[in-house]
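Structural characterization, general
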Amino acid sequence: MDRALIITPSINPGNFVGLVARASWWPEDGELEHVLVNNAQDAVAAGRLRSIARQASWGVVELGYNASFSEACNAAVEAAGASTHVMLLNDDLEPREGMLQALWDARERASIVGSMLLHRDGTVNHAGARFLPDGYHVGRGERPENHAGCP
């Protein structure tokens, strides 16, 4: 059976939007483990993170220093159980209905999938898993309908 590991590094005490919403998602045809990474938060924010994790039965990795996103994700992978798939989610993510299931469903068609990330004004922040020569993500600043193939 496929098993998903969701990793969410958290550093900004104000970025708890979406954590509780993600708790209700479960793959329709697999198992799930969610690990939050305390990436050097202050004591109040760290306490909130642990409380959210405890209520949702998620794991927590305490780094004790401000690691890079990739280092935090690697620490969570090492601490978690064996998984067939890994989802990396920012702590400020506001998932739309069906987004995580769409990423999960795409696992049989691609080795790496990424969703379209939108700014609050509706323009694209990230519409693909490749970077342009100027270092920005594909579609940055464009309207989402220009990238309709993204989940």
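In what follows, the structure referred to is the one given above.
As the structure is a computational prediction, the values presented were derived from the model and not from experiment. (Residues numbered from 1 in each chain as written. Predicted model: local features only at pLDDT ≥ 70, side-chain atom pairs only at ≥ 80, totals over all residues. Heavy atoms only, no water.)

A short note on the overall build of the protein
Note the threshold: Numbering goes from the N terminus for both helices and strands, where a helix is a DSSP run of H or I of at least four residues and a strand is a run of E of at least two. A simple rule labels every residue: compare its accessible area, found with a 1.4 Å probe on the protein chains alone, to the largest value its type can have, and call it buried under 20%, exposed over 50%, or partly exposed in between. Note on contacts: a residue pair qualifies if any of its non-hydrogen atoms lie within 4.5 Å across the two residues. Every accessible area reported is derived by Shrake-Rupley at a probe size of 1.4 Å, with residue values counting cover from the shown protein chains alone.
Helix and strand content of the protein: four helices and six strands. Residues classed as buried in the protein amount to 40% of the 151 residues present. For the protein, the proportion of contacts with a sequence separation of at least 24, taken over those separated by at least 6, is 63%. Accessible surface computed for the protein: about 8700 Å², of which carbon and sulfur atoms make up 50%.

Focus: the environment of Trp 58
Along the polypeptide, Trp 58 turns up in the loop between helix 2 (43-56) and strand 3 (59-62). Linking Trp 58 and His 34, residues 24 residues apart in sequence, is a C-alpha distance of 5.2 Å.

Details of the pattern of salt bridges
Quick reminder of the rule: Each reported salt bridge corresponds to a side-chain nitrogen of Lys or Arg within 4 Å of a carboxyl oxygen of Asp or Glu.
Inspection of every chain in the model, using the stated rule, returns three salt bridges. Where Glu 62 meets Arg 50, a salt bridge forms, and the shortest distance between an N and an O atom there is 2.8 Å. Taken together, the residues Glu 62 in strand 3 and Arg 50 in helix 2 connect sequence positions 12 residues apart. Of the residues examined, Arg 50 reaches a relative accessible area of 35% and is grouped as partly exposed. Taken together, the shared-partner salt bridges in this structure form one network comprising Arg 3, Glu 31 and Glu 33.

What to know about helix 3 (residues 69-79)
Side chains that are three or four residues apart share a direction in an α-helix, a result of its 3.6 residues per turn. To keep it simple, the criterion reads: What the arc covers is the set of directions going from the helix axis to the C-beta atoms.
Considered for burial, the residues of helix 3 that qualify are Ala 72, Cys 73, Ala 75 and Ala 76. Relative to the axis of helix 3, the buried residues are bounded by an arc of 160° and lie together on one face.

A look at the environment of Ala 82
In this fold, Ala 82 is placed in the loop between helix 3 and strand 4 (85-88). A C-alpha to C-alpha distance of 8.0 Å links Ala 82 and Arg 3, two positions 79 residues apart in sequence.

Brief notes about the sheet that holds strand 2 (residues 31-38)
The strands that make up a sheet pair up through hydrogen bonds in the backbone, lying either parallel or antiparallel. So the rule is basically this: Here, strands pair whenever DSSP counts at least two bridges between them. Each axis is a line fitted through C-alpha atoms, and for a helix only the stretch in contact is used; angles between axes span 0 to 180 degrees, taken between their N-to-C directions.
One open sheet holds the four strands; their spatial order is 3-2-1-4, and the pairing between them is parallel. Among the strands making up the open sheet, the edge pair consists of strand 3 and strand 4. Averaged over all pairs of adjacent strands, the angle between strand axes in this sheet comes to 25°, irrespective of strand direction. By the bridge criterion, four bridges tie strand 2 to strand 3 in an arrangement that is parallel. Opposite Val 35, over in strand 3, you have Gly 59 as the bridge partner. Contacting strand 1 (3-10), strand 2 and strand 3, helix 2 crosses the sheet at an angle of about 170° to strand 2. Packed onto the sheet, helix 3 meets strand 1, strand 2, strand 3 and strand 4 and runs at close to 135° relative to strand 1.

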